[in-house]
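# Fold and contact review
Okay, here's what each chain looks like letter by letter:
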Amino acid sequence: HYGVISYWMNSYWGGAHAAIGGSLVLGALPRLRNPHRRAWLFALLIGAGLAILANSRPFEGLLFTIGVLFALHRRRPWSNLGSAARIAGAVAMVLLLAAAAMATYFNAVTGSPFRTPYQVNRETYGWPMTQFWLPRTIVQPSIHAPMLNYYLWELQAHNQIHSPQALLNELWTRFRHLWSFFIGPLLTLPLLLFGRRAWRDVRARGLLPPLVIVLVAVLAGQSAVPHYLAPVSGIFLVLIVQAIRHLWVWRVRGRDTGAFLALTVLAGLILIVVVRPFEIVPMGEGAFSWCCVIPGNTGRAKLIEMLDRQPGGQLVMVRYKPNHYFHIEWVYNEADIDSAKIVWAREIDPVEDARLLDYFHDRKVWLVEADENPAFVEPYPR
């Protein structure tokens, strides 16, 4: 549910990468204590996990790292291994390699190894406005209507949390969205019955500090969506699995009541996966539903299949209606646009459009009326 059939895998927001990074770190930590294993191997995994977080969710990854360091300080996993320097050195080696690769990437994209594409995006478009207490970036209005509309949408979200009371009013919605994605009603049952025992298990494993720090920071931010919590999603899974394990052995008057309930929960989860693609159950709210969400832009995917079969390069001009909903976007391009088989562009005005058509004069040009139902595609009128 988290990583394959949710928006984590099927959108540009992502989430699965950060979940992998956090899980590598959390899985390697307790294994540092085992004197019969080579600690430096697990230290390398920790370094790899932190490198993934630095490239996927750097802010939450930093908070996650603080929580991990706090847990390490309390548990001192190296006391029986004899060499904290060996562990720290292995982690540092991976992080230095990752930093060098990131600097090379930044330099190629922005012209400076210390200037991130994220910074350029904020300075150009004014968003993301990540934290409501930080000043917003002032930018010139974009000639692209979707970019401008997104800026105004983020500005409204930024301004609506103007006091602690306003933030408290938002907490219920945030909790509901996170609960719906990570748990939902089916997994609530084992957590209600045995969540306390599962929580004690997690606390004993030293997973509590990163979970609490990241969760509090996300809830206190400008917005709280499930992929922000991706670094600690492994802890949610541990809680859920532990609760189901306790439920499995629960007996009522000598009967395997818990095993029946556990199998019912798991069967329900499998059934959701099976029926989800057929859209025969009510759609959930946005991307956060525990059950079923509205599919993404399948029309764009079908068009890509058709254009891939065409000879030579293709240019797709996307035309939106004035009331176009900017969250439904068609224009996404590969990193190397000039070499891409398909290039996507928005119509702006005759002058700008003519410049683009002249630049890509050797490509076959298509027009997509994106807001028609279904989307209408035809050769671009010249």
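Our subject is the structure that appears above.
First, a word on scope: everything that follows refers to the structure included in this document. (Residues numbered from 1 in each chain as written. Predicted model: local features only at pLDDT ≥ 70, side-chain atom pairs only at ≥ 80, totals over all residues. Heavy atoms only, no water.)

## Remarks on the pattern of salt bridges
Summed over all chains, the structure comprises 8 salt bridges. Among the salt bridges present, the one from lysine 321 reaches glutamate 372, with a minimum N-O distance of 3.5 Å. In this pair, lysine 321 sits in the loop between β1 (314-319) and β2 (342-346) while glutamate 372 sits in the loop between β3 (364-369) and β4 (376-379), placing the two residues 51 residues apart along the sequence. When its relative accessible area of 37% is taken as the criterion, lysine 321 is described as partly exposed. Using a relative accessible area of 36% as the deciding quantity, one classes glutamate 372 as partly exposed. Put simply, arginine 346 and glutamate 329 hold a salt bridge, and the shortest N to O gap is 3.3 Å. In this pair, arginine 346 is assigned in strand β2 and glutamate 329 in the loop between β1 and β2, connecting sequence segments 17 residues apart. Arginine 346 sits in the buried class, given a relative accessible area of 13%. (Salt bridge = Lys/Arg side-chain N within 4 Å of Asp/Glu carboxyl O. Helix = DSSP H or I, 4+ residues; strand = E, 2+ residues; numbered from the N terminus. Buried < 20%, exposed > 50% of the residue type's maximum accessible area, 1.4 Å probe, protein only.)

## Comments concerning the packing of aromatic side chains
Working definition: an aromatic ring pair is given by the centre-to-centre distance plus the angle between the planes. Applying the stated criterion across every chain, the model contains 16 aromatic pairs. On the numbers, 5.8 Å between centres and 25° between planes, the contact of tyrosine 125 with tryptophan 127 is stacked. Looking at tyrosine 125, the relative accessible area reads 23%, which means it is partly exposed. For tryptophan 127, a relative accessible area of 14% translates into the label buried. Relative to phenylalanine 182, the ring of phenylalanine 181 has its centre 5.2 Å away and its plane inclined at 85°; by these criteria the two rings are edge-to-face. On the accessibility criterion, phenylalanine 182 (1% relative accessible area) is buried. Above the face of the tryptophan 344 ring, arginine 300 is positioned so that its terminal group lies 4.2 Å from the ring centre. (Phe/Tyr/Trp six-rings, centres within 6.5 Å; stacked < 30°, edge-to-face > 60°. Lys NZ or Arg CZ within 6 Å of the ring centre and 35° of its normal.)

## As for the nonpolar core
Trp8, Leu29, Ile46, Phe64, Phe182, Leu229 and Val232 are the most contacted members of the largest nonpolar core, which totals 49 residues. In terms of residue count, helix α10 (residues 233-248) provides more of this core than any other element does, 7 residues in total. Not counting the four nearest positions on each side in its chain, phenylalanine 64 is found in contact with Gly22, Val25, Leu26, Leu53, Pro210, Val214, Pro231 and Val232. Residues Val316, Val331, Ile342 and Trp366 belong to the second largest nonpolar core, which totals 12 residues. (Core = buried A, V, L, I, M, F, W, Y, C linked by side-chain atoms within 4.5 Å. Contact = heavy atoms within 4.5 Å.)

## Section: the pairing of β4
Pairing between β3 and β4: 4 bridges, direction antiparallel. When the bridges of β4 are listed, valine 368 appears paired with valine 377. Counting the residues that bridge the hairpin from β3 to β4 gives 6 residues. (Pairing = 2+ DSSP bridges.)

## Digging into a positive patch on the surface
A surface patch of positive charge is lined by Arg196, Arg197, Arg200 and Arg203. Mapped onto the elements, arginine 196 comes out in helix α8 (residues 184-204). (Patch = residues over 30% accessible without salt bridge, like charges linked within 9 Å, V, L, I, M, F, W, Y side chains within 5 Å. Areas by Shrake-Rupley, 256 points an atom, 1.4 Å probe, with all protein chains shown as cover. Lys, Arg positive; Asp, Glu negative; His and termini not counted. Charge placed at Lys NZ, Arg CZ, Asp CG, Glu CD.)

## Side note on the environment of arginine 122
Within the secondary structure layout, arginine 122 lies in helix α5 (residues 117-125). Taking C-alpha positions, arginine 122 is 8.7 Å from valine 139, a pair spaced 17 residues apart along the chain. Look past the residues within four positions of arginine 122 in its chain and what remains in contact with it is Trp127, Pro128, Met129, Pro135, Thr137 and Val139. Of note is the side chain of arginine 122, whose polar atom sits 2.7 Å from the backbone oxygen of proline 128. (Polar contact = N/O pair within 3.5 Å; in protein donor to acceptor, adjacent residues only side chain to side chain.)

## Digging into the packing of α8 against α10
A pair of packed helices is captured by two measures, namely the crossing angle of their axes and the spacing between those axes. It is at 7 Å that the axes of α8 and α10 come closest, and there the two elements cross at 105°. For the element pair α8 / α10, the angle class is roughly perpendicular. Contacts from Leu187, Pro190, Leu191, Leu193, Phe194, Arg197, Ala198, Trp199, Asp201 and Val202 of α8 reach α10 at Ile235, Val238, Leu239, Ile240, Gln242, Ala243, Ile244, His246 and Leu247. (Axes fitted to C-alpha atoms, helices over the stretch in contact; angles between N-to-C directions. Parallel < 35°, antiparallel > 145°, perpendicular 65-115°, else oblique.)

## So, the sheet that holds β3
Read from one edge of the open sheet, 4 strands run β2-β1-β3-β4, paired in mixed fashion. Since the sheet does not close on itself, it has two edges, and those belong to β2 and β4, each with one partner. Along the sheet, successive strands turn relative to each other by an average axial angle of 25°, direction set aside. Examined bridge by bridge, β1 and β3 share 6 bridges and lie parallel to one another. Paired with methionine 317 across the bridge in β3 is leucine 367. The sheet contacts of helix α13 (residues 350-359) involve β1, β2 and β3, and relative to β1 the element is tilted by about 165°.

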